[in-house]
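Structural description and commentary
Listed here are the chains, written in short residue letters.
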Amino acid sequence: MGGIFKAYDVRGVYPTEIDEAKAKAIGLAFPVVLDSSDLDGGKTIVVGRDMRPSSVPLERALVEGLLEAGLDVVRVGLVTTPMSYFAVGHLGAAGGVQVTASHNPPRYNGFKFSRRDARPVSGDRGIPELERSVASGVATRAAAPGRASDTDVMPAYREHVLRFLRPGPAGAKRRKVVVDAANGMGCLYQPILEEAGVDLDLLYFELDGTFPNHEPNPLKLENLEALCRRVRETGADLGVAFDGDADRAAFVDERGEPVGSDIATALIAGELLDREPGKTVVYDLRSSRAVPEYITAHRGIPVRERVGHSFIKATLREHHGIFGGELAGHYYFRDNYHADCSLAAVFEILNLLRSTGRSMSELAAPLLRYAKTPEINFEVEDKAGAMAQLARRFADGKIDYLDGITVQYPDWWFNVRPSNTEPLLRLVAEADTPEKLAEKKAIVVGFLGEPV
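Described below are features of the structure shown in this document.

The rules behind the values
- All chains use their own residue numbering, which begins from 1 and follows the written sequence.
- Local features are withheld for residues below a pLDDT of 70 in this predicted model, meaning they are given only at 70 or higher, and side-chain atom pairs are given and counted only at 80 or more; totals for whole chains, interfaces and linings count all residues.
- Hydrogen atoms and water are omitted, and side-chain values are computed over all heavy atoms in the structure.
- Strands here mean DSSP runs of E at least two residues long; helices mean DSSP runs of H or I at least four residues long; both are numbered from the N terminus.
- A helix's residues, less one, multiplied by 1.5 Å, set its expected span.
- Burial classification: accessible surface area is computed with a 1.4 Å probe over protein chains only, and a residue below 20% of its type maximum counts as buried, one above 50% as exposed, and the rest as partly exposed.
- Think of each axis as a best-fit line through the C-alpha atoms, taken over the contacting stretch in the case of a helix, with angles from 0 to 180 degrees between the N-to-C directions.
- When describing relative orientation, an angle under 35 degrees is termed roughly parallel and one over 145 degrees roughly antiparallel, while 65 to 115 degrees is termed roughly perpendicular and anything else oblique.
- Handedness of a crossing is defined here by the sense of rotation of the near helix relative to the far one, left-handed for an anticlockwise turn of less than a right angle and right-handed for a clockwise turn.
- Whether two residues are in contact is decided by their heavy atoms: any pair within 4.5 Å suffices.
- Residues are grouped as follows: nonpolar covers Ala, Val, Leu, Ile, Met, Phe, Trp, Tyr, Cys and Pro; charged covers Asp, Glu, Lys and Arg; every other residue, Gly included, is treated as polar.
- In this text, buried Ala, Val, Leu, Ile, Met, Phe, Trp, Tyr and Cys residues form a nonpolar core when linked through side-chain atoms within 4.5 Å.
- Pairing of aromatic rings covers Phe, Tyr and Trp, the last counted by its six-membered ring, and requires centre-to-centre distances within 6.5 Å; plane angles under 30 degrees mean stacked, over 60 mean edge-to-face, and any other angle means tilted.
- Lysine NZ or arginine CZ positioned within 6 Å of the ring centre and within 35 degrees of the ring normal marks a charge as sitting over the ring.
- Should DSSP find at least two bridges between two strands, the strands are taken to pair.

Observations regarding helix 12 (residues 342-356)
The terminal C-alpha atoms of helix 12, which comprises 15 residues, lie 21 Å apart, in line with the 21 Å expected from a rise of 1.5 Å per residue. Taken across its 15 residues, helix 12 has 13 buried, putting it largely inside the fold. A positive phi of about 70° marks Gly357, the residue just after helix 12.

Brief notes about the packing of helix 9 (residues 261-275) against helix 12
Running from N to C, helix 9 and helix 12 point in directions that differ by 70°, and their axes come no closer than 9 Å. With respect to each other, helix 9 and helix 12 are oriented roughly perpendicular. You can see that helix 9 and helix 12 cross each other, and the crossing is left-handed. Contacts from Ala264, Leu267, Ile268, Glu271, Leu272 and Arg275 in helix 9 reach Ala345, Glu348, Ile349, Asn351, Leu352 and Ser355 in helix 12. Residue classes in the contact of helix 9 with helix 12 are distributed as 7 nonpolar, 2 polar and 3 charged.

Remarks on the nonpolar core
Membership of the largest hydrophobic core comes to 69 residues, with the highest contact counts inside it found for Phe251, Phe333, Leu343, Phe347 and Leu350. If one sorts the elements of this core by residue count, helix 12 sits on top with 9 residues. One finds Ile18, Val63, Ala94 and Val97 within the second-largest nonpolar core, a separate group that totals 29 residues.

Observations regarding the packing of aromatic side chains
Each aromatic ring pair is described using two quantities: the centre-to-centre distance and the angle formed by the ring planes. Per the counting criterion, the structure on display carries 15 aromatic pairs. When the ring of Phe111 is compared with that of Phe113, the centres are 6.5 Å apart and the planes differ by 25°; the resulting orientation is stacked. When sorted by exposure, Phe111 lands in the same class as Phe113, which is buried. Three or more aromatic residues joined by ring pairs form one cluster here, namely Phe86, Tyr157, Tyr189, Phe242 and Tyr337. Lying across the ring of Tyr85, Lys313 places its NZ or CZ 4.3 Å from the centre. Of note, Arg393 hangs over the ring of Phe394, and the distance from its end group to the ring centre comes to 4.7 Å.

So, the sheet that holds strand 10 (residues 249-252)
The 5 strands are arranged 8-7-9-10-11 in an open sheet whose pairing can be described as mixed. Of all strands in the sheet, those with a lone pairing partner are strand 8 (199-203) and strand 11 (258-259), marking the two edges. Judged from the 5 bridges that link them, strand 7 (residues 176-180) and strand 8 form a sheet pairing that is parallel. The partner of Lys176 across the bridge, within strand 8, is Asp199.

Quick look at the structure:
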């Protein structure tokens, strides 16, 4: 795959890389990613969009293509990506397309795809087939075009997601929460958040596809600065940041310190497992060792998986799991069609704060017992060669190739994997002590060059 066709979606600069003609071609080709089980219950496709100005013409062209392909379309309008996934499951649709470029800068746009029951269109099958069909220009127009209709899914989504919120014990402290929507689609969550029984302080809750305040990517710490500052200034109990299409959430504790998404995954897993012990929780392999240890301590079954929503979701279904989480801030719930739901993650963290009466930093502290790097990026021309060198150098460790190369020792481990979306190798390392981490990280970095 290349160009605008990425591992998990389609994304590029508008209108030079993605334009209305490509959007229509993608709509015409969309049937290639659906199989007979998707179409057994009908041929309806849910289409939603984000707030970028270019999303309006791209959605219109996409719908034209879908209709000409003989598919029926239900337009759900301006929605978050989790709302789009929910609509596919709730409406019993054959699939869905969300027009969005997620956290990318304003000049970008793109499409996220799903199949029946909000199953992902995977990078190893569906998206390459879609790319080939679009490139060939020979998508078949149906003898009879499909029909289009419109519906509002917000009332049903509100009712659905509020089910994740549990009442706190009598006399529990009312929590103050600062939420940063980054002018993205998380703005739509305001009326739902107002029903959460917390004192809300809202940052950048005006829809604006130019993202005038900061980039809508909470993985970059500089984009959390305003949120961290507001939490400290107001004495809030929790900070939450959504990304551009609101399928990811990042958390900040009451001290204004970011909480790693792997740590949040463990905390949410513990909350769910305390209610349903014995269930499987899926976590991505970049997570701290503290995550599977915590899941096990809460009577759960931890399952390690490679990075990427299509893999996490498939494994969650396969193991009949209750929950999954990724270091990128995606949280997947069995009771949400096994799909991402950032708002459900927020509610489960609130449930935990209320039920324990403890602060976010107190809850996270036991999980921060190891020293860990963030994800570090390297531009490496020969990715396979670099990973082979690492395998030879660390041949005395326990090696697996679930995603890139992971090498584990009793007191430290590292993973180096090729990015699914950029021409990079990414490193994560963890050790029992900061000194051990610094020593071992320097050796691994010596094989990869200077970080970018």
